[in-house]
Every structure is written in C-alpha cells, then in structure tokens.
Number of protein chains: 2
Amino acid sequence: MVVTIFRALDDETRRLVLDELASRDGQTLFEICSTLATRHGLSLTRQAISQHLGVLEEAGLVMTERRGRSKFHYFNPAPLAEITRRWPIPERTDP
Amino acid sequence: MVVTIFRALDDETRRLVLDELASRDGQTLFEICSTLATRHGLSLTRQAISQHLGVLEEAGLVMTERRGRSKFHYFNPAPLAEITRRWPIPERTDP
DNA sequence: ACCATAGGCAAGCGACGGCTTGCCTATCAA
DNA sequence: TTGATAGGCAAGCCGTCGCTTGCCTATGGT
C-alpha cells in the first residue's frame, strides 16, 4: 500500500513523533517511546510506535540509518513541500 | 467531532475538491459534482461530495455563502499555514 | 556459549471513515 | 399551488486504521 504524506500526517501520535525528531534528531525506537511517554503522557506499545515510524518512513518523512542493533530515525521535512506546491499558502494570515 | 486539517487532507477526493475550488472558486455542490465527474472520472453521489465539503468546511479549508437556494463554496488556504508553522519546510529540495 | 538488548513479523480486535440509500426541507418559477 | 431545483439529515454497510498480543531474528557484551 502506498502511504501518502497526507495519510502519514493524519494521526496525532505520528505528528508528535515528527515533533520529537524535529527537536532531537537521530533517536532510536526505544528513545522515541520513552520521550513520548514522559513528555506527552503517551502510553503506547513499542510496536505501535514502530508501526507509526514505518508509516512515516514510507511517506518519506522519516529517514533511517542502521548501526549495529540500533536504528536511528531522522526527520525529513522535504516531502511537505508537496502541500505548499499544490496549494500555495498566503504569506500573512491577518483577518 | 473535531475535524483537523490533517484529517481533511487525508482523502484524495477532498484534495481534488480543493484543486477544483482553487482553479474556479465559488462553485455550488452540483457544479463540483459535475466537474469532478467530467475532469477526474469521479462517479460519486451528491451526498458523498456534500459530506466531503462538510469536512472541508469544518476544517476551515472551505468557506461557504448561501444565496437563495444555492450555496457557494470558496477555498481558504489559510489553515494550511499550521503545517509550515509546525514543521518549517526547507526553501529548496535539491538532493 | 549464553543472555540481554534492539527491533521485526503477523494475526486479531474494536472503532472509525467513506459511501450509498431513502426521505425530508427550502427556495424559485409557472 | 404545484412542481422542479438545490441541498440536508440519518441509518446502515463495508473496508481500513490503530493498537495489542505473541513469537521470532539479530547484534553485542561477558
């Protein structure tokens, strides 16, 4: 199944994962689990987070790098440009 | 239920509706139905499109204006700024 | 070799989303 | 007033998503 960035972004947990990686890049699965738990009160299984990371990776929003038995995750905002390319966002939002 | 812009964008039909309104603003429900059918081969019920428009309106991506028995729909890209505000998009995407 | 650590695979369940169907309301024209 | 046009409400079906549970693989330390 093809995962679009729109599907990937349509989940608050995945958005929090992106926030986490944006603030501290290169975290492992277990690190993301613990930071999500302590900073956002998320009580999710490791597998749940793993699946979320899989979706984000398929969408190209997260890049990974294996070293030994660890897998490091990096936030890649580049695919988000598809949104602004499709619907240009006005500079200012003054009502 | 609260409809976020992320949920609203996570549907190709809704994205096509936004494209349609972006290219020709102020269309009615029936106009959107026919243009989607002719230009994208979408064979959906009027109610389906109506529900999509409802979701887009709840998310603030579509503004409406009633005149008589017609309801005109306008694309409002302003809420999309939430995305770039949360995750700044790099200017260029040269690899 | 042994065991703990870091992660993956797959099945199953509950809930929600998209779409249809059927019927109803409101506005305009004759 | 009658009928046609533009749209709304609500129930129901089916597929998909998020999450858990259980088990398996692989790397590193001692």
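Reading the values: the criteria
- Residues numbered from 1 in each chain as written.
- Chains lettered and ligands numbered in written order.
- Predicted model: local features only at pLDDT ≥ 70, side-chain atom pairs only at ≥ 80, totals over all residues.
- Heavy atoms only, no water.
- Near = heavy atom within 4 Å.
- Polar contact = N/O pair within 3.5 Å; in protein donor to acceptor, adjacent residues only side chain to side chain.
- Helix = DSSP H or I, 4+ residues; strand = E, 2+ residues; numbered from the N terminus.
- Nonpolar A, V, L, I, M, F, W, Y, C, P; charged D, E, K, R; others polar.
- Least-squares fit on C-alpha atoms with pLDDT ≥ 70 in both.
- Contact = heavy atoms within 4.5 Å.
- Axes fitted to C-alpha atoms, helices over the stretch in contact; angles between N-to-C directions.
- Parallel < 35°, antiparallel > 145°, perpendicular 65-115°, else oblique.
- Expected span 1.5 Å × (residues − 1).
- Buried < 20%, exposed > 50% of the residue type's maximum accessible area, 1.4 Å probe, protein only.
- Salt bridge = Lys/Arg side-chain N within 4 Å of Asp/Glu carboxyl O.

Engineer: I keep staring at the protein's contact with DNA strand D and nothing clicks. Help me out?
Structural biologist: The environment of DNA strand D is formed by 23 residues, the closest being Arg14(A), Thr45(A), Gln51(A), His52(A) and Phe30(B). By atom count, sugar and phosphate contribute 65% of the portion of DNA strand D lying within 4 Å of the protein. Backbone polar atom of Phe30(B) to a phosphate oxygen of DNA strand D: 3.3 Å apart, as the coordinates give it. Between a base oxygen of DNA strand D and a side-chain N or O atom of Arg46(B), the distance comes to 3.1 Å. Within the residue set of the surface near DNA strand D, elements represented by two or more residues are helix H4 (46–58) of chain A together with helix H3 (29–40), helix H4 (46–58) and strand E2 (70–75) of chain B. Top element by residues in the surface near DNA strand D is H4(A). It accounts for 4 residues. Looking at side-chain class alone, the surface near DNA strand D contains 5 nonpolar, 10 polar and 8 charged residues.

Engineer: How do you make sense of the relation of the copies chain A and chain B when you look at a structure like this?
Structural biologist: To go from the first copy of the chain to the second, apply a rotation about an axis and then a shift along the same axis. Superposition of chain A onto chain B requires a rotation of 180° combined with a translation of 0.0 Å along the rotation axis, giving an RMSD of 0.0 Å. Those values place the two copies in the arrangement expected of a two-fold rotation axis. Interface residue correspondence from chain A to chain B reaches 100%, placing this contact among same-surface, isologous pairings.

Engineer: Would you take a moment to explain the packing of helix H2 (residues 12–23) of chain A against H4(A) for this structure?
Structural biologist: Two measures define how a pair of helices packs: the angle their axes make with one another and the distance between the axes. Residues and elements named next belong to chain A. Two elements in contact, H2 and H4, have axes whose closest approach is 10 Å; the angle formed by their N-to-C orientations is 75°. By the angle between their axes, H2 is roughly perpendicular relative to H4. Of the residues in H4, those in contact with Thr-13, Arg-14, Val-17 and Leu-18 of H2 are Ile-49, His-52, Leu-53, Val-55 and Leu-56. By residue class, the composition of the contact of H2 with H4 is 6 nonpolar, 2 polar and 1 charged.

Engineer: Mind showing me how you'd approach helix H2 (residues 12–23) of chain B here?
Structural biologist: Since there are 3.6 residues in each turn of an α-helix, residues three or four apart along the chain are aligned in direction. Residues and elements named next belong to chain B. Taking 1.5 Å per residue as the helical rise, H2 with its 12 residues ought to reach 16 Å, and the 16 Å between its terminal C-alpha atoms agrees with that figure. Taken residue by residue, H2 has Thr-13, Arg-14, Arg-15, Leu-16, Val-17, Leu-18, Glu-20 and Leu-21 as its buried positions. Its side-chain oxygen 2.9 Å from the backbone nitrogen of Thr-13, Asp-11 forms the N-cap of H2.

Engineer: It is not clear to me how the protein's contact with DNA strand C should be interpreted in this structure. Could you clarify?
Structural biologist: Taken together, 23 residues surround DNA strand C, and among them Phe30(A), Lys71(A), Arg14(B), Thr45(B) and His52(B) come closest. Counting only the atoms of DNA strand C within 4 Å of the protein, the fraction contributed by sugar and phosphate is 62%. With respect to DNA strand C, the side chain of Arg7(B) contributes an N or O atom lying 3.3 Å from a phosphate oxygen. Every element with two or more residues in the surface near DNA strand C is listed here: helix H3 (29–40), H4 and strand E2 (70–75) of chain A together with H4 of chain B. For the surface near DNA strand C, the element with the most residues is H4(B), which contributes 4 residues. Considering only residue class, the surface near DNA strand C consists of 5 nonpolar, 10 polar and 8 charged.

Engineer: Where do I start with the interface of chain A and chain B in this structure?
Structural biologist: By a widely used convention, the size of an interface equals the accessible area lost when the partners come together. Counting residues at the interface gives 22 residues for chain A and 22 residues for chain B. Linking chain A to chain B there are 6 salt bridges. In this structure, Asp19(A) engages Arg86(B) in a salt bridge whose closest nitrogen and oxygen atoms are separated by 2.7 Å. At the boundary of chain A and chain B, one finds 6 residue pairs in polar contact (both at pLDDT 80 or more). Breaking the side of chain A that touches chain B down by element, the ones donating at least two residues are helix H1 (5–9), H2 and helix H5 (81–86) of chain A. Tallying contributions element by element places H2(A) first for the side of chain A that touches chain B, with 5 residues. Its residues placed into classes, the side of chain A that touches chain B shows 14 nonpolar, 2 polar and 6 charged.

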